[in-house]
Amino acid sequence: MKSDLNHVLRQFNIGVDTNPYGSGHINATYLVDCAPQTILQKINTSIFKDPSDVMDNIAAVTEHLRKKIIAAGGDPMRETLTLVPTVDGKPFYVDPDGNAYRMYYFIQGARTYDQAESPEMFAASAHAFGKFQRMLSDFPAHVLHEVIPNFHNTSDRLRQFREAVEKDVMGRAASVQPEIEFVLSRADVVSRITDAIADGSVPLRVTHNDTKLNNVMLDDVTHEGVCVIDLDTVMPGSMLYDFGDSLRFGASTGAEDETDLSKIEFDLTYFEAFTKAFIEEVGADMTARERELLAFSALLMTLECGMRFLGDYLNGDTYFRIHREHHNLDRCRTQFKLVADMEKKMDQMNAIVAKY
Ligand code: ADP
Ligand code: GN1
Ligand code: MG
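Residues numbered from 1 in each chain as written. Chains lettered and ligands numbered in written order. Predicted model: local features only at pLDDT ≥ 70, side-chain atom pairs only at ≥ 80, totals over all residues. Heavy atoms only, no water.

What surrounds ligand 2 is a group of 17 residues, the closest being His25, Lys212, Glu256, Arg308 and Tyr319. Here Asp210 contributes a side-chain N or O atom positioned 2.9 Å from an oxygen atom of ligand 2. Counting residues per element, the shell around ligand 2 draws most heavily on helix H10 (residues 288-315), which supplies three residues. Looking at the shell around ligand 2, its residues break down into seven nonpolar, four polar and six charged. Formed jointly, the shell around ligand 2 draws a minimum of three residues from each of two domains, domain 1 (2-108) and domain 2 (119-355). (Near = heavy atom within 4 Å. Polar contact = N/O pair within 3.5 Å; in protein donor to acceptor, adjacent residues only side chain to side chain. Helix = DSSP H or I, 4+ residues; strand = E, 2+ residues; numbered from the N terminus. Nonpolar A, V, L, I, M, F, W, Y, C, P; charged D, E, K, R; others polar. Domains from an automatic or database assignment.)

Okay, here's the thing in C-alpha cells:
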C-alpha cells in the first residue's frame, strides 16, 4: 500500500514515496526508501496534544544520549535515534491541517521483535533498557514536559476505567462483566507503587515508560541491544514501570492479542533472564523498596495495561489502534490471564529477584 505523503516528504527534502512500517499502536510509521533510508512518523496528536512538547523532550534526550555515546566511543547513528530536520531546520513539520510529522534516520542492521526468540534475546533487551536508564541518570529531569500526565499512575488509570464502565458509551459493559470484575476486585493493589513514590522509598528517575520489546532494536547478527526507540513517553517515572512493562510484554508465552488463552502464560525462565540482566545494569542504584516491588511491578503494569485495553474497548476503541473487531477486548484478556498466572507465581518470582 503506497501512502500519499509527498507533500510531507518535500518538507524533509525527500522526493520518493513511502510504505507503512512497524506494529506500534499509537503513531503511524512509514519507511522512506531514499538514501539514506529514513523513518517518517505521523505523531498521534489526539494522544499527544502538544507535539512540540513531545519533540522538545525527544530532542533533549537524544542530544544527551548522543554525547554519552560519543564519549564512550560508540556509534551515535546506531545507538540513539537521530532526528532529520525539516528544510526549515525544524525538528518536525506541522501541515496546514495540524497533522504533525517527524523523521528519523533508519537504524541499519538491526530490527525490533514482537516476541523474543529466546531468554538470551529477552535479556539483551533488559541490558538495553537498563543502560538507557543509566545513561539518563544525570539528565536534568526538570526540563522534561509531562506529555501524558499520570501515565503510569495506576490509581488514576483505575479511576478512568471506572468512568468508562459507568458511561458505557458503546453499551458493551454488560457483555464483559467478568473482565470488569477482574479489575475491580484488584483495586486494593493499584496504589502500591505510587504510595512508595509518595513516601520517598521509590525515587523518581528519568524513565522510558513504554519498554515493550518492539521498542528496542536488536542487532541482526549478534542479537545484542543496539538502540532504544519510541521515546514519546520519556518522562520522570519509576524504574519499576520500565521493568514491569517489559515483562508484561516479553515474558508472555503468546502475543499480546492472542485469542487462544491456553497459549498465554507468564514464563519464569524469561522472567529470570530479564531480571538478572536488568539488575546487572541498574541493581547498584536500586533502593531496598524498589527491589521489594520488582516482581510485583510486572503484575501491576500488566493489570494497568489490561484495564487500559478494556477501558478503550468500552470507550469505543479511541486510543489504541485496532485491526479487527474486539481487538482491545482480546488484548485485555491476555493481560488478565498473565496477571492471574503471576498471582500464582509471585513467591517464585520474588525468590528469583532475591537470587540476584
Ligand atoms: P509507535 O509509537 O507507534 O509504537 P515506534 O516509534 O515504536 O512507533 O515505531 C514503530 C516501529 O518502527 C518500531 O517498532 C521499529 O520497528 C520501527 N522504527 C522506528 N524508528 C526506527 C528507526 N529510527 N530505525 C529503524 N526502525 C525504526
Ligand atoms: C502503546 O506506542 P506503543 O505501541 O509502543 C502505549 C503503551 C502500551 C502499549 C501496549 C503512548 O505503546 O503505553 O503499554 O501500547 N503507548 C502509549 O502494547 O500509550
Ligand atoms: Mg513502539
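A few words now on the sheet that holds strand E2 (residues 28-32). The sheet built from five strands is open, its strands ordered E1-E2-E3-E5-E4 with antiparallel pairing. Two strands lie at the open edges of the sheet, namely strand E1 (18-20) and strand E4 (93-94), each paired on one side alone. With five bridges connecting them, E2 and strand E3 (residues 38-43) associate as antiparallel partners. Across the sheet, the residue bridging to Leu31 is Ile39, located in E3. Sheet contacts for helix H2 (residues 51-71): E3 and strand E5 (100-105); angle to E5, the most-contacted strand, approximately 20 degrees. (Pairing = 2+ DSSP bridges. Contact = heavy atoms within 4.5 Å. Axes fitted to C-alpha atoms, helices over the stretch in contact; angles between N-to-C directions.)

Neighbouring ligand 1 are 20 residues, the closest being Gln41, Ile107, Thr112, Asn214 and Asp230. Within the side chain of Gln41, an N or O atom sits 2.8 Å from an oxygen atom of ligand 1. Within the contact set of ligand 1, an oxygen atom lies 3.0 Å away from a side-chain nitrogen or oxygen of Asn215. Protein contact buries 95% of the 550 Å² of open area that ligand 1 shows by itself. Counting residues per element, the ones that place at least two in the shell around ligand 1 are E3 and E5. When the residues that make up the shell around ligand 1 are grouped by side-chain class, the tally is ten nonpolar, nine polar and one charged. Split by domain, the shell around ligand 1 shows at least three residues from each of two domains, domain 1 (2-108) and domain 2 (119-355). (Areas by Shrake-Rupley, 256 points an atom, 1.4 Å probe, with all protein chains shown as cover.)

Tracing the chain through its elements places Thr86 in the loop between helix H3 (76-79) and E4. Residue Thr86 is classed as buried on the basis of its relative accessible area, which comes to 7%. In contact with Thr86, not counting residues within four places along its chain, are Gln11, Phe12, Phe92 and Tyr93. (Buried < 20%, exposed > 50% of the residue type's maximum accessible area, 1.4 Å probe, protein only.)

Every protein donor of the magnesium ion (ligand 3) is accounted for by Asn215 (OD1) and Asp230 (OD), and the metal-donor separations fall at 2.2 Å. In this pair, Asn215 sits in the loop between strand E7 (205-207) and strand E8 (216-219) while Asp230 sits in the loop between strand E9 (225-228) and strand E10 (235-237), placing the two residues 15 residues apart along the sequence. Asn215 gets classed as buried once you look at its relative accessible area, which sits at 4%. Judged by relative accessible area, which is 25%, Asp230 ranks as partly exposed. (Donors = N, O, S within 2.8 Å, 3.2 Å for Na, K, Ca; no water.)

As a further point, take the pairing of E3. Counting buried positions along E3 gives five out of six residues, so the element sits mostly inside the fold. The turn linking E2 back onto E3 is made up of five residues. As defined by bridge partners, E3 adjoins E5 across six bridges and the pair is classed as antiparallel. Note that in E5 the partner of Gln41 across the bridge is Arg102.

Helix-helix packing is characterised by the crossing angle of the two axes and by the distance between the axes. Here helix H6 (residues 177-184) crosses helix H11 (residues 327-355) at 45 degrees, and the two axes come no closer than 11 Å. Put simply, H6 runs oblique to H11. Between H6 and H11 the crossing geometry is left-handed. Along its contact with H6, which presents Glu179, Phe182 and Val183, the element H11 presents Leu329, Cys332, Arg333, Phe336, Val339 and Ala340. A breakdown of the residues in the contact of H6 with H11 according to their chemical character gives seven nonpolar, no polar and two charged. (Parallel < 35°, antiparallel > 145°, perpendicular 65-115°, else oblique. Left-handed = near helix turned anticlockwise from the far one by under 90°.)

This part covers the packing of aromatic side chains. Here the structure, examined in full by the defined rule, presents eleven aromatic pairs. Seen in terms of ring centroids, Phe122 and Tyr270 are 6.0 Å apart; in terms of plane orientation they differ by 40 degrees. Their pairing is tilted. Note that Phe122 is positioned in helix H4 (residues 119-135) and Tyr270 in helix H9 (residues 268-282), a separation of 148 residues in sequence. Each member of the pair, Phe122 as well as Tyr270, is classed as buried. Centroid distance Tyr319 to Phe320: 4.8 Å. Interplanar angle 65 degrees. Geometry classified as edge-to-face. Using a relative accessible area of 7% as the deciding quantity, one classes Phe320 as buried. Aromatic ring contacts, followed pair by pair, group Phe122, Phe243, Phe266, Tyr270, Phe271, Phe274 and Phe278 into a single cluster. (Phe/Tyr/Trp six-rings, centres within 6.5 Å; stacked < 30°, edge-to-face > 60°.)

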